[in-house]
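For reference, the chains in residue letters:
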Amino acid sequence: MNLFEKIKAGDICSIARLISKVERRDPEVIKAIKEIYPHCGNAHLIGITGPPGVGKSCLVSELAGKFREKNRTVGILAVDPSSPFSGGALLGDRARMIELAGDKDVFIRSLASRGASGGLSAAVSDAADILDMSGKDLVLIETVGVGQGEVDIARLAHTVLLVLMPGYGDALQAMKAGIMEIADILIVNKADLSGADEAVAELSTVQGFQGMREGQDKWVAPIIKSSTLDGEGIEDIAGAVLKHFEYVKEQGFLRKKNRDRRTNQFLDIFTQQIRDEFMRLVKVDAGIQRWVDKIGDLELDPYSASEQVIELLRNAREQERDSRKRTRK
Ligand SMILES: Nc1nc2c(ncn2[C@@H]2O[C@H](COP(=O)(O)OP(=O)(O)OP(=O)(O)O)[C@@H](O)[C@H]2O)c(=O)[nH]1
Ligand SMILES: [Mg+2]
């Protein structure tokens, strides 16, 4: 079996090896992704985001356990975890994690921005594709922070869970607009602590912002209280996650979400490759080097310079169209 076949069969070592390459942005990965791409699109991608320390990782492991009870296979990606980890310690040294660690239908990995020169966003997207192709029904992606992170989880995930905890009312007021736009399910974790009901009340007051959600105004994000200590709310969250995916599919949003994600992915790759190619050309072409120097010497402003290049592309496209017309005649 080659690497591709092994991953498709869910072989944990092969998945891990390829994701490591993805993390390093190893050029070999591009070849693998090209091969994998047509086989993606079956997994439900779930983003779990929220401020540091609210219990996202604990929640992810509880949810993974819950989905396993429902016989779903699970992939877990923790993006740039604030605390270092090794193996199972990633999601806390908890009984649930140890249980998951021995399960071949669960794959757990963290991705760090260290050394990811092509951007962490690209690595996360590729890693999600690999897990998707390996046959994972659900891919849980934990990211810290909302909106300010390098990884735009709302673009990638089909369902976004925003996790808060009692005492986050002030933080919420500050970020409410942005949050309410991306969250499909709102969670007040650590409900075993005091102040959970107040946090829920606070959240419901800002839920009016839901109306701003483009094309999805019928879905009102449920607010769920949870505690990973006693398991409160976990079943409800798992149920809401699956219900949201059904909703997204029924309303025809799934296709749109996937198309938007892929368009953005293409644009990211395209701009990166244009940059790389341009920097390569500058090194080998003295004419281009002189042209770039003009920008530095204030003889040419960067806006006009960019417009000149776009004009070149446009002309090339027209020329090609003309020559195609001529060959048809
Ligand atoms: N009381 C209480 N503590 C919890 C609960 N869930 C998690 N914790 C604790 O909160 C702390 C942080 O939990 P994590 O799951 O690591 O939180 P996180 O949001 O993933 O943290 P970062 O990844 O560092 O942003 C740990 O000490 C957990 O034991 C809960 O439901 N109740
Ligand atoms: Mg965490």
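What counts, and at which threshold
- Residues numbered from 1 in each chain as written.
- Chains lettered and ligands numbered in written order.
- Predicted model: local features only at pLDDT ≥ 70, side-chain atom pairs only at ≥ 80, totals over all residues.
- Heavy atoms only, no water.
- Helix = DSSP H or I, 4+ residues; strand = E, 2+ residues; numbered from the N terminus.
- Donors = N, O, S within 2.8 Å, 3.2 Å for Na, K, Ca; no water.
- Buried < 20%, exposed > 50% of the residue type's maximum accessible area, 1.4 Å probe, protein only.
- pLDDT = per-residue confidence, 0-100.
- Contact = heavy atoms within 4.5 Å.
- Pairing = 2+ DSSP bridges.
- Axes fitted to C-alpha atoms, helices over the stretch in contact; angles between N-to-C directions.
- Patch = residues over 30% accessible without salt bridge, like charges linked within 9 Å, V, L, I, M, F, W, Y side chains within 5 Å.
- Areas by Shrake-Rupley, 256 points an atom, 1.4 Å probe, with all protein chains shown as cover.
- Salt bridge = Lys/Arg side-chain N within 4 Å of Asp/Glu carboxyl O.
- Polar contact = N/O pair within 3.5 Å; in protein donor to acceptor, adjacent residues only side chain to side chain.
- Arc of directions from axis to C-beta.
- Parallel < 35°, antiparallel > 145°, perpendicular 65-115°, else oblique.
- Left-handed = near helix turned anticlockwise from the far one by under 90°.

Asker: Before we go on, may I ask you to explain the environment of Ala-112 in this structure?
Answerer: Turning to its location among the elements, Ala-112 is positioned in the loop between strand 3 (106-111) and helix 6 (120-133). The spacing of Ala-112 and Arg-24 is 88 residues in sequence and 9.6 Å in space, taken between C-alpha atoms.

Asker: Any chance you could explain the coordination of the magnesium ion (ligand 2) here in plain terms?
Answerer: Coordination angles at a metal have ideal targets, namely 109.5 degrees for four tetrahedral donors and 90 or 180 degrees for six octahedral donors. The protein atoms donating to the magnesium ion (ligand 2) are Ser-57 (OG) and Glu-142 (OE), with metal-donor distances spanning 2.1 to 2.2 Å. Of the two residues, Ser-57 is situated in helix 4 (residues 56-69) and Glu-142 in strand 4 (residues 138-144); the sequence distance between them amounts to 85 residues. Note on accessibility: Ser-57 and Glu-142 belong to one class, buried.

Asker: I tried to follow the confidence of the model for the chain on my own but got confused; where do I start?
Answerer: Fine structural detail should not be taken from predicted coordinates in areas where pLDDT scores are low. Residues at a pLDDT of 70 or more form 83% of the chain, whose mean pLDDT is 85. Averaged pLDDT values over the elements of the chain bottom out at 64 in helix 8 (residues 169-182) and peak at 97 in helix 10 (residues 234-250). Between residues 83-89, whose pLDDT stays under 50, and residues either more than four places distant or in other chains, the model counts 3 contacts.

Asker: Even after reading the chapter, I still don't get the sheet that holds strand 6 (residues 185-188), so can you show me in this structure?
Answerer: The strands that make up a sheet are held in pairs by hydrogen bonds between backbone atoms, and each pair lies either parallel or antiparallel. Pairing is parallel in the open sheet, where 7 strands are placed in the order 3-2-4-1-5-6-7. Bordering the open sheet on either side are strand 3 and strand 7 (223-225), each of which pairs with just one other strand. Ignoring which end each strand starts from, the neighbouring axes of this sheet average 20° apart. Bridge count between strand 2 (residues 74-79) and strand 4: 5 bridges; the pairing is parallel. Counted as the bridge partner of Ala-78 is Glu-142 from strand 4. Helix-sheet contacts for helix 6 involve strand 1 (44-50), strand 2, strand 3 and strand 4, and the interaxial angle to strand 2 is about 170°.

Asker: Would you mind going over a nonpolar patch on the surface with me for this structure?
Answerer: A cluster of nonpolar side chains, namely Phe-266, Leu-267, Phe-270 and Ile-274, defines an oily patch on the protein surface of about 380 Å² accessible area. Position of Phe-266 among the secondary structure elements: in helix 11 (residues 253-284). According to the relative accessible area criterion, Phe-266 is partly exposed, its value standing at 48%.

Asker: Help me understand the side chain of Thr-73, please; the structure alone is not making it clear to me.
Answerer: Considering the arrangement of structural elements, one finds Thr-73 in the loop between helix 4 and strand 2. Exposure remark for Thr-73: the relative accessible area of 13% places this residue in the buried category. In terms of polar contacts, Thr-73 uses its side chain to reach the backbone carbonyl oxygen of Gly-135, at 3.0 Å. Ignoring anything within four residues of it in the chain, the contact list for Thr-73 reads Arg-68, Asp-105, Gly-135, Lys-136, Asp-137 and Leu-138.

Asker: Can you walk me through helix 3 (residues 28-36) in this structure?
Answerer: The α-helix advances 3.6 residues per turn, and as a result positions three or four apart in sequence lie on the same side. Buried within helix 3 we find Val-29, Ala-32, Ile-33 and Ile-36. Across the axial projection of helix 3, the buried residues extend over an arc of 100°, all falling on one side. Facing away from the buried side of helix 3 by over 90 degrees, the exposed positions are Lys-31 and Lys-34. Of the surrounding secondary structure, the elements contacted by the buried residues of helix 3 are helix 1 (3-8), helix 2 (12-24) and helix 6.

Asker: Would you explain the packing of helix 3 against helix 6 in this entry?
Answerer: Helix-helix packing is described using two parameters, namely the angle between the two axes and the distance between the axes. Put simply, helix 3 and helix 6 touch, their axes get as near as 11 Å, and they point 45° apart. By the angle between their axes, helix 3 is oblique relative to helix 6. Taken as a pair, helix 3 and helix 6 cross one another with a handedness that is left-handed. Every residue of helix 6 that contacts helix 3 at Val-29, Ile-33 and Ile-36 is listed here: Asp-126, Asp-129, Ile-130 and Met-133.

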